[in-house]
Amino acid sequence: MAQGTVQVTHTGTSRWRRRTGEYASLAAALEAAGDGDVLTVAPGTYRENLVIQRAVTLRGPEGSLGSVRIAPADGVPLTVRASATVQDLHVEGQDATSPALLVEDGTPELSDLRISTRSAAGLEVRGSARPTVRRCTVDNPAGVGIAVLDGAGGVFEECEVVAAGQAGVSVRGGGHPRLERCRVHHASGAGLAVTGEGSGLEAIGCEIYEVKGAGVQIAARASAHLTDSTVHRTSADGVTLDTDAVLTLSDCDIHDIPENAIDLRSRSVLTLTRSTVRRFGRNGLSVWDPGTRVDANQCEIYDSTGDYPAVWISDGATVVLDACRVHDVPDALFVLDRGSRVDVVDSDLSQIRNTAVSVSDGATAQLDDCRIREASTGAWFRDHGSGGTLAGCTIDAAQTGVIVTKGADPVIERCTVTSPAEAGFYVSAEGRGTFRNCRVTGSGGYGFHVMDGCRTTLSRCRTERCARGGYEFADPSLLLVEDSTSDESGVRAAAEPVSPLSAPLSSTSVLGPVLPQPVPLPAPAPGPAAPAPPPDPGPRRSPEAVLGELDALVGLESVKREVRSLTNMIEVGRRRQEAGLKAASVRRHLVFTGSPGTGKTTVARLYGEILAALGVLERGHLVEVSRVDLVGEHIGSTAIRTQEAFDRARGGVLFIDEAYALSPEDSGRDFGKEAIDTLVKLMEDHRDAVVVIVAGYTAEMERFLSVNPGVASRFSRTITFQDYQADELLRIVGQQADEHEYRLADGTDEALLKYFTALPKGPAFGNGRTARQTFESMVERHAGRVAELSDADTDDLTLLYPDDLPELS
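From a predicted model like this one, the values you see are computed outputs, not experimental measurements.

What counts and what doesn't
Residues numbered from 1 in each chain as written. Predicted model: local features only at pLDDT ≥ 70, side-chain atom pairs only at ≥ 80, totals over all residues. Heavy atoms only, no water. Helix = DSSP H or I, 4+ residues; strand = E, 2+ residues; numbered from the N terminus. Buried < 20%, exposed > 50% of the residue type's maximum accessible area, 1.4 Å probe, protein only. Areas by Shrake-Rupley, 256 points an atom, 1.4 Å probe, with all protein chains shown as cover. Arc of directions from axis to C-beta. Contact = heavy atoms within 4.5 Å. Axes fitted to C-alpha atoms, helices over the stretch in contact; angles between N-to-C directions. Parallel < 35°, antiparallel > 145°, perpendicular 65-115°, else oblique. Left-handed = near helix turned anticlockwise from the far one by under 90°. Nonpolar A, V, L, I, M, F, W, Y, C, P; charged D, E, K, R; others polar. Pairing = 2+ DSSP bridges. Polar contact = N/O pair within 3.5 Å; in protein donor to acceptor, adjacent residues only side chain to side chain. Salt bridge = Lys/Arg side-chain N within 4 Å of Asp/Glu carboxyl O. Phe/Tyr/Trp six-rings, centres within 6.5 Å; stacked < 30°, edge-to-face > 60°. Lys NZ or Arg CZ within 6 Å of the ring centre and 35° of its normal. Expected span 1.5 Å × (residues − 1). pLDDT = per-residue confidence, 0-100.

**Some remarks on the overall build of the protein**
If you tally the helices and strands in the protein, you get 13 helices and 66 strands. Expressed as a percentage of the 809 residues in the protein, the buried residues total 53%. If you sum the accessible surface of the protein, you get close to 33,900 Å²; carbon and sulfur atoms cover 48% of it.

**Concerning helix H2 (residues 543-552)**
Of all the residues in H2, the buried ones are Pro543, Val546, Leu547 and Leu550. Here the buried residues of H2 occupy an arc of 100 degrees about the axis, which is enough to place them on one side. Of the surrounding elements, those touching the buried residues of H2 are helix H3 (557-578) and helix H4 (600-613).

**What to know about the packing of H2 against H4**
Where H2 meets H4, the axes come as close as 9 Å, and the angle between the chain directions of the two elements is 165 degrees. Judged by the angle between their axes, H2 and H4 are roughly antiparallel. With respect to the hand of their crossing, H2 and H4 are arranged in left-handed fashion. The residues of H4 that touch H2, namely those facing Pro543, Val546, Leu547, Glu549 and Leu550, are Val603, Arg605, Leu606, Glu609, Ile610 and Ala613. In terms of residue class, the contact of H2 with H4 is built from eight nonpolar, no polar and three charged.

**Structural notes on the sheet that holds strand S60 (residues 590-594)**
As summarised here, the arrangement of the five strands in space is S61-S62-S63-S60-S64, forming an open sheet in which the pairing is parallel. The strands lining the two open edges of the sheet, one partner per strand, are strand S61 (622-625) and strand S64 (717-721). Adjacent strand axes in the sheet meet at a mean angle of 20 degrees, parallel and antiparallel pairs treated alike.

**With respect to the environment of His255**
Secondary-structure assignment places His255 in strand S31 (residues 253-257). Given a relative accessible area of 10%, His255 falls into the buried group. Considered as a pair, His255 and Gly284 are 29 residues apart in the sequence and their alpha carbons are 9.4 Å apart. Among all residues touching His255, those that are not within four sequence positions of it are Thr230, Val231, His232, Arg233, Arg278 and Arg279. A distance of 2.5 Å separates a polar atom in the side chain of His255 from a polar atom in the side chain of Asp256.

**Side note on the pattern of salt bridges**
Side chains that carry opposite charge are capable of pairing whenever their charged atoms lie near each other. For the structure on display, the rule yields 36 salt bridges. Among the ionic pairs, Arg341 bridges to Asp343, the shortest N-O distance being 2.7 Å. Note on Arg341: relative accessible area 31%, which makes it partly exposed. Note on Asp343: relative accessible area 17%, which makes it buried.

**Some points on the packing of aromatic side chains**
Summed over all chains, the structure comprises 11 aromatic pairs. With a centroid separation of 5.9 Å and 85 degrees between ring planes, the pair formed by Phe435 and Phe448 is classed as edge-to-face. With a gap of 13 residues between them, Phe435 in strand S52 (residues 434-436) and Phe448 in strand S54 (residues 446-450) connect regions that are remote in the sequence. What makes Phe448 buried here is its relative accessible area of 1%. Grouped by ring-pair contacts, the aromatic residues Phe425, Phe435, Phe448, Tyr471 and Phe473 constitute a single cluster. A cation sits over an aromatic face here: Arg265 above Trp288, 4.6 Å from the ring centre.

**Observations regarding H4**
Owing to its 3.6 residues per turn, the α-helix brings residues three or four apart onto one side. For H4, built from 14 residues, the straight-helix expectation of 20 Å at 1.5 Å per residue is met to within 8% by its first-to-last C-alpha distance of 20 Å. In terms of residue burial, H4 counts as a mostly covered element, since 10 of its 14 residues are buried. Here H4 has its buried residues at Lys600, Val603, Ala604, Leu606, Tyr607, Gly608, Glu609, Ile610, Leu611 and Ala612.

**With respect to the side chain of Thr463**
The residue Thr463 is located in strand S56 (residues 462-464) in this model. On the accessibility criterion, Thr463 (0% relative accessible area) is buried. A distance of 2.7 Å separates a polar atom in the side chain of Thr463 from a polar atom in the side chain of Ser486.

**Looking at the side chain of His621**
Tracing the backbone shows His621 in the loop between H4 and S61. A polar contact of 2.9 Å, which involves the side chain of His621, links it to the backbone oxygen of Arg648.

**Concerning the environment of Arg627**
Examined against the element boundaries, Arg627 turns out to sit in helix H5 (residues 627-630). You can call Arg627 partly exposed: its relative accessible area is 24%. Put simply, Arg627 and Tyr660 are 33 residues apart on the chain and 8.8 Å apart in space, counted from C-alpha to C-alpha. A distance of 3.0 Å separates a polar side-chain atom of Arg627 from the backbone oxygen of Ala661.

**Some words on the confidence of the model for the protein**
Looking at the protein, pLDDT values average 85 and 88% of them are 70 or higher. Low pLDDT, under 50, characterises residues 14-18; the predicted model gives this stretch eight contacts beyond four residues in sequence or across chains. Residue range residues 489-533 is modelled with pLDDT below 50. Its contacts to residues more than four positions away, or to other chains, number 67 contacts.

**Brief notes about the pairing of strand S3 (residues 38-41)**
Where strand S1 (residues 6-9) lies against S3, four bridges are found, and the strand directions are antiparallel. From the neighbouring strand, Thr9 faces S3, where its bridge partner is Val38. One ladder, built from three bridges, connects S3 with strand S6 (residues 57-59); its direction is parallel. Considered in S6, the bridge of Thr40 is made with Arg59.

**Brief notes about unusual backbone geometry**
Its identity as a non-glycine residue notwithstanding, Asp112 has a phi of 55 degrees, on the positive side. Within the fold, Asp112 resides in the loop between strand S12 (109-111) and strand S13 (114-116). Taking the relative accessible area as the measure of exposure, Asp112 reaches 23% and is therefore partly exposed. Phi is positive for Ser419, close to 55 degrees, though the residue is something other than glycine. Checked against the element boundaries, Ser419 lands in the loop between strand S50 (416-418) and strand S51 (425-428).

**What about the environment of Val194?**
Inspection of the secondary structure assignment puts Val194 in strand S23 (residues 192-195). Taking the C-alpha atoms as reference points, Val194 and Ala222, separated by 28 residues in sequence, lie 6.2 Å from one another. Filtering out sequence-adjacent residues up to four positions away, Val194 remains in contact with Val171, Ser199, Gly200, Leu201, Gln217, Ile218, Ala219, Ala222 and Ser223.

**A word on the packing of H3 against H4**
Look at H3 against H4: their axes get within 11 Å of each other, and the N-to-C directions meet at 15 degrees. Comparing their axes, H4 and H3 come out roughly parallel. Of the two elements, H3 crosses H4, and the hand of that crossing is right-handed. Across the interface between the two elements, Val559, Val563, Leu566, Thr567 and Ile570 of H3 pack against Val603, Tyr607, Ile610 and Leu611 of H4. Of the residues contributing to the contact of H3 with H4, the split by class is eight nonpolar, one polar and no charged.

Here it is as structure tokens:
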């Protein structure tokens with residue numbers, strides 16, 4: 001399109017000025033124009049660098065939107081330094097170091113502009129400029145869409161960034177624009193990026209989407225306020241705050257985010273009001289570091305697409321949820337690390353696949369008048385220093401209402417647990433806790449189940465219609481129980497000066513400070529058929545005979561010492577009990593670490609037989625399983641498979657090989673965690689029925705135990721199986737030869753030692769298995785050699801020579 005003419009309509013009254021004029025270039029027209037004049041640009045392409053320094057009106061012809069193109073070869077196509085009006089133009093830039101439209105001063109009005117460029121910025125506002133920008137579009141795949149810098153401001157109404165090679169809207173250096181009903185999409189940086197002290201942004205009714213980065217990014221003491229706005233379909237986090245950033249979200253919707261919907265760090269503060277966070281791949285709220293805080297009121301977080309907690313609080317951060325809803329997520333609230341805290345008031349947590357509230361590593365949770373429904377676990381206080389208060393809360397249709405473990409010490413008061421599938425309140429692994437005015441109704445297990453070593457206080461508690469009994473106390477001497485009642489007969493009380501074993505508890509009985517062991521439970525109601533018992537292992541050997549077989553194994557000296565030490569502890573404990581003395585509690589579950597072929601399965605089998613010989617296990621048989629035997633393909637099938645494997649091992653040892661596979665490093669939507677959770681619960685509920693041994697490579701098992709503290713706490717010790725040395729592998733070959741009536745000829749011992757020393761010890765190396773395979777290869781090569789002899793004597797048929805060794809690969 002060729003360049004046209006520019007008509008200038010003058011508004012001045014001086015006689016020497018013409019009322020109108022035609023100019024061949026925009027530069028000439030701008031030079032002639034004065035404040036108030038109107039410059040009407042004829043259709044065409046103007047390859048000029050324009051600077052507007054007066055309060056003029058520059059516009060294209062009416063009805064021909066986009067017919068005027070300002071497109072110089074380089075530099076800034078259009079610079080505005082006055083309170084001018086610019087409308088109906090198409091601005092194109094080609095300079096990667098300059099903006100296409102630069103506003104440096106005044107309060108200009110820019111409307112119906114199309115900026116299509118490959119510049120550093122599509123539209124840049126600097127300094128004291130305060131433009132009003134209406135219905136403008138910016139297409140800049142090479143740089144920033146809109147940049148507001150150096151203290152500039154302005155109002156942007158119904159504008160659209162259709163593409164940006166960097167941030168869609170960038171605010172820094174104290175800039176503070178206001179966006180109304182704007183759209184930012186297809187940016188390759190953040191949709192909205194606000195950074196630096198004094199920088200701020202206000203957005204009302206805006207939409208940020210299809211962003212290859214974070215939707216909104218506030219950092220370095222900047223602030224922003226979004227109202228009635230939407231952020232969705234980003235490739236990174238939906239909203240990020242870092243380093244003293246401040247953000248307010250009111251009536252906003254953050255959804256379809258593959259990572260964290262909102263992530264805060266380094267003393268940032270978020271106020272969230274009447275907003276929704278939904279369909280996120282990691283955390284709905286991810287809150288880190290001391291001083292970082294979220295205050296959410298009347299908000300909803302739901303419909304997670306990943307396997308992460310909806311709200312994650314760690315490293316000393318604080319979150320307050322008031323009148324909020326969290327639902328349809330794997331876990332609702334995870335608060336961990338000393339100094340971290342969550343306060344939840346009058347809120348609903350429902351349809352939680354795992355744990356509604358998890359508190360660990362010294363963190364604190366305070367829940368007041370909240371409702372938890374349809375969760376695997378209502379609240380779990382996991383370890384030492386972790387605690388807080390649940391007050392006036394209800395937990396309905398959970399597997400377990402509240403779990404307290406490993407020295408955690410919460411206060412639970414005026415809480416009601418209704419229809420838990422298992423226990424209403426479950427305390428184990430030296431957990432503590434104070435329970436006041438709490439109630440359990442319709443439990444499928446016990447109302448209150450308190451395990452060994454747990455110092456717990458119950459005051460004015462009540463249980464009703466609990467299938468296995470109202471109360472189960474493993475060590476009543478550690479409990480303080482006052483004015484607590486039950487309609488069950490599953491516990492006996494010392495209420496009056498009568499024998500501690502007298503009179504079952506009735507609905508009007510009162511539990512005193514000392515409680516005896518519970519009476520035997522009635523036979524369970526008929527249910528599914530029990531699994532078939534394992535085959536009879538035959539006559540039981542003595543402990544000495546089994547230990548003798550263990551001692552006969554090649555190598556494994558440290559393993560033998562560990563097993564014998566554990567066996568001695570169990571045997572002495574049994575004798576002390578027979579003598580009327582208190583026996584130390586010995587946890588029999590073990591972790592075996594080491595490479596394949598080091599005898600872990602064999603030792604597990606012998607360990608089970610030893611425990612059976614000592615009367616600790618009923619049968620002592622070994623049930624060996626791996627991930628494929630425990631993890632199902634569908635929701636719910638994993639728990640069934642794990643239960644079935646556990647039932648097969650009753651009275652013996654459940655040996656889980658490569659147990660770390662249940663908790664892969666990148667778990668995604670993996671059901672291995674369900675197997676772990678089911679297993680941990682079964683180990684507690686049936687602690688005397690089955691011994692569990694988990695085994696695998698050393699490094700992988702260390703990771704497995706570190707990321708699953710609930711598993712680690714159930715095992716008494718880790719036994720490491722060292723790789724066999726060359727001389728030990730030689731002994732294994734010698735044992736195989738003796739067993740199969742072969743002999744090693746002179747020189748074969750030395751050849752085997754050299755062979756095993758030189759053999760690569762990579763991931764495929766199988767230790768004992770490799771020794772046995774080596775023997776089998778020698779037998780095959782021996783057979784090929786002897787088959788060619790017409791008359792072979794006994795030496796020919798039995799001697800293995802160095803030449804029978806396989807080649808080193």
